[in-house]
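Survey of secondary and tertiary structure
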Amino acid sequence: MVNWCAGLGTVLANDEVVDGVSVRGGYPVVQQKMMQWCLRVSAYAQRLLDGLDTVDWTESLKETQRNWIGRSEGTEIEFRVKDSDTSFTIFTTRADTIFGVTFMVLAPESELVPRLTTDDRRADVEAYLERTKKRTERERISDRSVSGVFTGSYAVNPFTGESIPVWVSDYVLAGYGTGAIMAVPAHDSRDYAFARHFGLEIRPLIEGCDVSSESFDAKEGIVCNSPRKELIDSALSALPGTPSLILNGLTVKEAIQKTKEYVREHGLGRVKVNYRLRDAIFSRQRYWGEPFPVYYKDGMPYMIPESCLPLELPDIDQYKPTETGEPPLGHARMWAWDTVNNCVTDKALIDNKTVFPLELNTMPGFAGSSAYYLRYMDPHNGRALVSAEADRYWRSVDLYVGGTEHATGHLIYSRFWNKFLFDLGVSCEEEPFRKLVNQGMIQGRSNFVYRVNSDNHDAAPLFVSLNLKDKYDVTPIHVDVNIVHADVLDIDAFKAWRPEYADAGFILEDGKYICGWAIEKMSKSMYNVVNPDMIVERYGADTLRLYEMFLGPVEQSKPWDTNGIDGCHRFLKKFWALYCGKDGLKELDGGEPSADELKSVHKLIKKVTQDIEAFSYNTSVAAFMICVNELSQLKCRNRAMLDILVRLMAPFAPHIAEELWHLLGHEATVCDAPWPEYDEKFLVETTVQMTVSFNGKARFQMQFAADADNKTVEEAVLADDRSKKYIGDKHVVKVIVVPKKIVNIVVK
């Protein structure tokens, strides 16, 4: 199933569809079955799960992938359709709850729907299917509203013989399991909502559970109604012996195991492992993309010889779909395959004997991005993706820095791709990215315009201002924040922004178009990316770099706010002032640095070295600020210390560091200078500062020798004139000394 937009003539991604219409143009989008090339990612589902235990990734990202892959162990059970030879299979992780099934649900896309729909229900079912086509799978998963339609057919519970109504609802997806479910409303929230909405029976299976207002999580407890007493009684009166499976009185864990054994022994189904992970659609109905090296003979695909690769895109005169709905490559004249001469030829020569049509779809963007790292190892190899020698040398990516938004897309595809290449012997490592660090997203302020929905797509689009939109049926669309000022849209700039908006109309309020807004991740797709050129022009690139690092921990998402950028700019000025005055470079001292200077600089070396390894750039910037303040107070002019400081600063503010490095007399670049090493002997504290408190209230601070014992500290504090002031005529009950931290004098 794909999101098909006939108006644009292409399949759309979920984020290109809003409320059943395309973001671009507002054309209707429907769920449609379409022949597509797919990558069999699902064949590697278990290996993708197992591989997560071998990589150094954050646990949260691993868990995201585990949930996306969605391994579940359960049972496939066959249900017969009443008064019919038809049967169908459902997958359930809890076969023991089959006694609580009160209805069945089919996915709207299921092939069973037309077969099970009775004539008197067909019109209602077809109308429901038509409405469902306008919703993407993502919308169906996230939307908790209830909808459905009865097919008119009944299934037979294989355990009890009960007749169960079969419904259709869009909360069941065709791609997971079998596209059909047995609904146990007492113990599933979506089944419960459906049953309450349509007045269907809700049968509890756990003793004492309350399902009067919501479903009950049946993970533990004592089983009941499995089967119901009246079923047992009717079986006793009709046949000798009771039903062969009775779970009443068992714990949930015992019931699960007993049901699995019963299903196996009686041939009612099979125990199975299922995965939520889908195969990746690999076709795109557009021009730009790698062409498939495929031609068609008698409707079957054949690969062109590997020696004829690469197959290059042909020249075409327009990039829109053809009048018959074919992808843009349908416009190409030179787009057929000559099997005799092994070359591309004019499609007018197609005879389906020696010349055949080529594939018209192209590959998606991730065709190249999924394995690009291997090409980086051997970029000029004209014979292979990567040579065996280069691959064995580089092996895999040591460090990958990327956002969590790639967890269920690029990172899944790359891992699958790499495992496939590993199986072929192309890659010597099964996992592509050994260590992964997630950088937080920079959050920006997005703006929206509201397009009035219309079935007349030949008319110019009409947009309504924020506070008037509730009077219309609208689709919100992201708009470039650079053409919005204080939430007021620059209409002329908007018309020039995209060709389809050139003739747009506007419904204004007080003569202005007011945009909506939201705080979202800063992204090109949301048009809320702030152009850094203006910041660089005003403050310089080093200030921008430093500020981005100072915003917070690298793994946390952070709102973009330029109010704090002045502080980083002032710090760099102070850093520069250590070296230069109004007349250029200050006179520096080539002698031995003082103990305080050595301590300050070596403390910084240690901190920055450790922080870089830990990606704690924000605390490194803070440490730079402390060190520069200390050296400024010491009026440091020592060349050796200032030389080290420039080398430490180079990764953070490379431009100013390079300039100072040359002013210090160096000819080579600071990037090639050795990284400084700290010496622990300069970090030894000779004195400590301790807070003196009276009855727990801090009053003043005192300096002590770092090796002073508690008795020495106590005597010094009591002898201090300030202590005598706070003690006065009171009696000292006791003195508590927390070494190197605090002294608390208890008086009464």
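Described below are features of the structure shown in this document. (Residues numbered from 1 in each chain as written. Predicted model: local features only at pLDDT ≥ 70, side-chain atom pairs only at ≥ 80, totals over all residues. Heavy atoms only, no water.)

**Quick notes on the sheet that holds strand 34 (residues 732–738)**
If you walk across this open sheet you meet the 4 strands as 33-32-35-34, and the pairing is mixed. Bordering the open sheet on either side are strand 33 (697–705) and strand 34, each of which pairs with just one other strand. Shown here is a sheet whose adjacent strand axes are inclined to one another by a mean of 20 degrees, direction ignored. Two strands pair when backbone bridges link them, and strand 32 (residues 687–694) and strand 33 are joined in this way by 8 bridges, in the antiparallel orientation. Bridge pairing in strand 33 links Val688 to Phe704. (Pairing = 2+ DSSP bridges. Helix = DSSP H or I, 4+ residues; strand = E, 2+ residues; numbered from the N terminus. Axes fitted to C-alpha atoms, helices over the stretch in contact; angles between N-to-C directions.)

**Thoughts on the sheet that holds strand 17 (residues 336–338)**
Strands sit in the order 18-17-19 across an open sheet of 3 strands; the sheet is antiparallel. In this open sheet, the two edge strands, each paired with only one partner strand, are strand 18 (343–345) and strand 19 (355–357). Going across the sheet, the axis of each strand differs from the next one's by a mean of 40 degrees, ignoring polarity. Where strand 17 and strand 18 come together, 3 bridges link them in antiparallel fashion. From the neighbouring strand, Trp337 faces strand 18, where its bridge partner is Val344.

**Overview of the packing of helix 17 (residues 595–613) against helix 18 (residues 617–633)**
At a minimum axis separation of 9 Å, helix 17 and helix 18 run at an interaxial angle of 170 degrees. In terms of orientation, helix 17 and helix 18 fall into the roughly antiparallel class. Between helix 17 and helix 18, the contacting residues are Glu597, Ser600, Val601, Lys603, Leu604, Lys607, Val608, Asp611 and Ile612 on the first element and Tyr617, Thr619, Ser620, Ala623, Phe624, Cys627, Glu630 and Leu631 on the second. (Parallel < 35°, antiparallel > 145°, perpendicular 65-115°, else oblique. Contact = heavy atoms within 4.5 Å.)

**Brief notes about the packing of aromatic side chains**
The tally for this structure, following the rule as stated, stands at 44 aromatic pairs. Here the aromatic rings of Phe99 and Phe159 are separated by 5.8 Å at their centres, their planes lie at 70 degrees, and the arrangement is edge-to-face. One end of the pair, Phe99, is in the loop between strand 8 (87–92) and strand 9 (103–106); the other, Phe159, is in the loop between strand 10 (149–156) and strand 11 (163–168), and 60 residues separate them in sequence. Judged on exposure class, the residue Phe99 and its partner Phe159 are both buried. Judged by centre distance (5.6 Å) and plane angle (70 degrees), the rings of Phe150 and Tyr154 are edge-to-face. Among the aromatic residues, those joined into a cluster by ring pairs are Phe103, Phe150, Tyr154, Trp167, Tyr171, Phe194 and Phe198. (Phe/Tyr/Trp six-rings, centres within 6.5 Å; stacked < 30°, edge-to-face > 60°. Buried < 20%, exposed > 50% of the residue type's maximum accessible area, 1.4 Å probe, protein only.)

**So, the state of the cysteines**
Scanning the model with the defined rule gives 0 disulfides in all. In this structure Cys224 is not part of a disulfide, and its nearest cysteine sulfur, from Cys209, lies 6.3 Å away. Cys224 sits in the buried class, given a relative accessible area of 16%. Left unpaired, Cys627 is separated from the closest cysteine sulfur, that of Cys636, by 8.5 Å. Judged by its relative accessible area of 2%, Cys627 is buried. (Disulfide = S-S within 2.5 Å.)

**Quick word on the pattern of salt bridges**
This structure, assessed with the given rule, holds 30 salt bridges. The salt bridge involving Glu76 is made with Lys272; its shortest N-O contact spans 2.9 Å. Separated by 196 residues along the polypeptide, Glu76 in strand 7 (residues 72–81) and Lys272 in strand 13 (residues 269–274) bring together distant segments of the chain. The buried category is assigned to Glu76, whose relative accessible area is 12%. Note that Arg445 is salt-bridged to Asp487, the shortest N-O span being 2.6 Å. Placement of the pair is Arg445 in strand 22 (residues 442–452) and Asp487 in the loop between strand 25 (484–485) and strand 26 (488–489), with a sequence separation of 42 residues. Assessed through its relative accessible area of 37%, Arg445 is described here as partly exposed. In the salt-bridge network here, residues are joined through shared partners; they are Arg47, Arg415, Lys419, Asp423, Glu430 and Glu431. (Salt bridge = Lys/Arg side-chain N within 4 Å of Asp/Glu carboxyl O.)

**Quick notes on the nonpolar core**
Counting residues in hydrophobic clusters, the biggest one holds 44 residues, and the most contacted among them are Phe79, Phe88, Phe103 and Met104. Beyond its immediate chain neighbours, meaning those up to four positions away, Met104 contacts Phe79, Phe88, Ile90, Ala155, Ile164, Pro165, Val166, Trp167, Ile181 and Met182. Core analysis: the next-biggest nonpolar cluster, separate from the first, contains 38 residues, Tyr579, Leu604, Ala650 and Val670 among them. (Core = buried A, V, L, I, M, F, W, Y, C linked by side-chain atoms within 4.5 Å.)

**What to know about the pairing of strand 7**
Counted residue by residue, strand 7 has 7 buried out of 10 residues, so it is predominantly covered. Examined bridge by bridge, strand 7 and strand 13 share 6 bridges and lie antiparallel to one another. Note that in strand 13 the partner of Gly74 across the bridge is Lys272. Pairing geometry for strand 7 and strand 8, over 6 bridges, is antiparallel. Bridge pairing in strand 8 links Glu78 to Thr89. When strand 7 meets strand 10, the two strands line up antiparallel, connected through 2 bridges. Residue Arg80 lies in a different strand from strand 10, and its bridge partner there is Val156.

**So, helix 15 (residues 541–550)**
Within the sequence span of helix 15, burial applies to Asp542, Thr543, Leu544, Leu546, Tyr547 and Met549. Against the buried residues of helix 15 lie helix 14 (533–539), helix 16 (565–577), helix 18 and helix 20 (654–663).

**Observations concerning the side chain of Asn361**
Here Asn361 is to be found in the loop between strand 19 and helix 9 (366–369). There is a polar contact of 3.1 Å between the side chain of Asn361 and the side chain of Gln285. If near-sequence neighbours (up to four positions away) are discounted, Asn361 is found in contact with Ser283, Arg284, Gln285, Phe292, Pro327 and Leu329. (Polar contact = N/O pair within 3.5 Å; in protein donor to acceptor, adjacent residues only side chain to side chain.)

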